[in-house]
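# Observations on chain architecture
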Amino acid sequence: MLKIGMIGAGFVAGFHERALCSVRNVEFAGVYALKGADELAQQARRDRLGDTKVYESIGALVKAVDVVCLFAPNFARLEIMREVARAVEGGAELKGIIIEKPLARNMREADTLVRMAKAMHIPTAYFENQIHMPCIVQARRQLGQVEQAMGAAHLARSAEEHGGPHEPWFWDPTTQGGGVCCDMGCHSIACGMFMLTPSGKPLDYLKPVSISATMALLKWGKEPWISQLKERGVDYTAAPAEDYSSVSLELRDPETGQRSMVQATNSWMYDAPGLRLLMEAFGPGYSYTVNSLQSPSGMFISDAAAAAVTDSELALEKSQATRGSLILQPNESDLYGYVAEWIDALAAFEEGRDALLNLEYGKLIIMLIMAAYMAHEKGKTIDLTDPNVLNELEDYIPLIQQGHGKKVL
Ligand SMILES: NC(=O)c1ccc[n+]([C@@H]2O[C@H](COP(=O)([O-])OP(=O)(O)OC[C@H]3O[C@@H](n4cnc5c(N)ncnc54)[C@H](O)[C@@H]3O)[C@@H](O)[C@H]2O)c1
């Protein structure tokens, strides 16, 4: 039975608490956060996930658990990892460290996190839930023989869209790392690459050849949206971020030489029900598709009844409406792959090894995200086989992340 400790008690920690209700042999033992820890611990106790305690410091939490999860905002990653490392130096024994997506805001930070975990000799998990989505994993399993007979998929489209993040720090490119490309492009690029990776091969098997990207600020730079953001403390007249991103990533199979393409599209202007994940993969003679809004469950709430709605997000993440014809997804933590990513990570930690996705993999995704920003900034396709380009990416901080998005949006 592994004891879990969460750092951060916000949106994603709540999702993980629900996911843990479907995971065996785990105790949600403790939580530390600047805000929300009491509520999360209470919920976990109500769900019988353990005697979940609130800790007053990262050091105290780390000493009391086997697995620590970094579920706090992107800008706090390094500082929190340093606290974890101090606790480990002080004698805390951890079996695993989990970090949510995106691993970091840029390559320098990603590299520091990877080096720190290596120095601690502790197995890691990079939490990218979409690669664990049962509808994708099962489609791939079902198509396994077909793939062997016909060859691997050559085109993947992957999109995540919603109406915009819930907290101001996500909107601010200096604290989050960018706009929607950093926030959600990390999902879509990783998932697209996974959909093209031949079965049985490691997830970093395909070699990135080139990347091109178009980013724009389409909705949230206009009135009344820009003023709404200003009221929440985010100034897109001074430091805007992209609310639209389209990335094309070309890959090469190092054994067969086959080329394949990922098209990753993301937006924060999906003024439609909630959040939509849309994926499709095409191989020679076969394909599969995923649309997370196709649910067997629906609801209707009339204007007269709408006042009684408590929380529309209970039905669907990022839900934008409380009345009319609505979509209900009764188990989003399973649908989006959270349950499966926990099962994978905990089994790996029990065996003393990294999860399917480790921090090095998270760093690879950050490299591709940085290359996408560079492609947009330079207005040209980036050659990912050129050692000079890869060198440049190591220290590259996108203008948008620096707060100079006005120059490129
Ligand atoms: N996998 C997904 O689909 C998904 C979805 C949402 C968020 N995320 C990721 O999860 C992370 C957290 O996002 P969120 O939506 O939960 O954010 P949030 O703002 O809702 O919650 C952040 C939590 O961290 C706490 N916190 C802030 N600074 C801290 C610090 N220095 N030390 C300790 N706690 C601190 C806050 O008090 C809060 O409890 C981000 O990296 C985000 O990218 C992933």
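Just so it is clear, the model here is predicted, and its values are computed rather than measured.

Glancing now at the sheet that holds strand β5 (residues 96–100). The parallel open sheet is built from 6 strands, whose spatial order is β3-β2-β1-β4-β5-β6. Strands with a single pairing partner mark the edges of an open sheet, and in this sheet they are β3 (53–54) and β6 (124–127). Both β5 and β6 contribute to a ladder of 4 bridges, which runs parallel. Bridged to Ile 99 within β6 is Tyr 126. The sheet strands contacting helix α4 (residues 77–89) are β1 (2–7), β4 (67–70) and β5, and the helix crosses β4 at an angle near 165 degrees.

Viewed as axis vectors pointing N to C, helix α1 (residues 11–20) and helix α2 (residues 37–46) meet at an angle of 10 degrees, and their least axial separation amounts to 10 Å. The angle between the axes of α1 and α2 places the two elements in the roughly parallel class. Note on element contacts: α2 touches α1 through Leu 40, Gln 43 and Ala 44, opposite Ala 13, Gly 14 and Glu 17. A breakdown of the residues in the contact of α1 with α2 according to their chemical character gives 3 nonpolar, 2 polar and 1 charged.

Moving on: unusual backbone geometry. Between Lys 101 and the following residue, Pro 102, the backbone shows a cis peptide bond with an omega angle of -20 degrees. Locating Pro 102 in the fold gives a position in the loop between β5 and α5 (107–120). That bond from Glu 223 to Pro 224 is cis: its omega, 0 degrees, falls within 30 degrees of zero. Positionally, Pro 224 belongs in the loop between β8 (207–216) and α11 (225–231). Here the phi dihedral of Asn 25 falls at roughly 55 degrees; this positive angle occurs in a residue that is not glycine.

All right, on to the sheet that holds strand β10 (residues 259–267) then. If you trace the 7 strands from one edge of the open sheet to the other, you get β12-β11-β7-β10-β9-β8-β15, paired in mixed fashion. The sheet is open, and its two borders are formed by β12 (286–291) and β15 (382–383), each paired with just one other strand. Examined bridge by bridge, β8 and strand β9 (residues 244–252) share 9 bridges and lie antiparallel to one another. In the strand pairing of β9, Ala 216 is matched with Tyr 244. On top of the sheet, helix α10 (residues 180–196) reaches β7 (155–161), β8, β9, β10 and β11 (276–283); it is set at about 150 degrees to β10, its chief contact. Its contacts with the sheet put helix α15 (residues 359–378) on β8, β9 and β15, and the angle it makes with β8 is roughly 55 degrees.

This part takes up the site of the ligand. Around the ligand, the structure places 21 residues, and the nearest of them are Gly 8, Gly 10, Phe 11, Val 12 and Leu 34. The dominant element in the shell around the ligand, judged by the number of residues it contributes, is α1, at 3 residues. In terms of residue class, the shell around the ligand is built from 12 nonpolar, 5 polar and 4 charged.

Within the secondary structure, Gly 8 is located in the loop between β1 and α1. Once the C-alpha coordinates of Gly 8 and Leu 34 are considered, the two residues, 26 residues apart in sequence, prove to be 7.3 Å apart. Discounting chain neighbours no more than four positions away, the residues touching Gly 8 are Ala 13, Ala 33, Phe 71 and Ala 72.

Between its first and last C-alpha, α10 extends 23 Å over 17 residues, near the 24 Å set by a 1.5 Å rise per residue. Where α10 bends most, the angle comes to about 35 degrees, and this point is Cys 186. Of all 17 residues in α10, 17 are buried, a share of seventy percent or more.

Domain boundaries assigned for the protein chain yield domain 1 (2–129 + 339–357) and domain 2 (131–328 + 366–404). For domain 1 and domain 2, the distance between their C-alpha centres works out to 24 Å. Contacts between domain 1 and domain 2 engage 19 residues on the former and 23 residues on the latter. Listed by contribution, the elements that provide at least two residues to the side of domain 1 that touches domain 2 are α5 and α14 (338–350). Residue classes in the side of domain 1 that touches domain 2 are distributed as 10 nonpolar, 3 polar and 6 charged.

Now for the packing of α5 against α15. At a minimum axis distance of 9 Å, the contact between α5 and α15 shows a crossing angle of 175 degrees. Viewed along their axes, α5 and α15 adopt a mutual orientation that is roughly antiparallel. Touching Met 107, Ala 110, Asp 111, Leu 113, Val 114 and Ala 117 of α5 are Leu 359, Glu 360, Gly 362, Lys 363, Ile 366, Met 367 and Met 370, all from α15. For the contact of α5 with α15, the class distribution of residues is 9 nonpolar, 1 polar and 3 charged.

Analysis parameters
Residues numbered from 1 in each chain as written. Predicted model: local features only at pLDDT ≥ 70, side-chain atom pairs only at ≥ 80, totals over all residues. Pairing = 2+ DSSP bridges. Helix = DSSP H or I, 4+ residues; strand = E, 2+ residues; numbered from the N terminus. Contact = placed C-beta atoms within 7 Å. Axes fitted to C-alpha atoms, helices over the stretch in contact; angles between N-to-C directions. Parallel < 35°, antiparallel > 145°, perpendicular 65-115°, else oblique. Nonpolar A, V, L, I, M, F, W, Y, C, P; charged D, E, K, R; others polar. Near = placed C-beta within 6 Å. Expected span 1.5 Å × (residues − 1). Bend = angle between axes of the 7 residues up to and from the residue. Buried ≥ 20, exposed ≤ 12 C-beta atoms within 10 Å, placed from the backbone. Domains from an automatic or database assignment.

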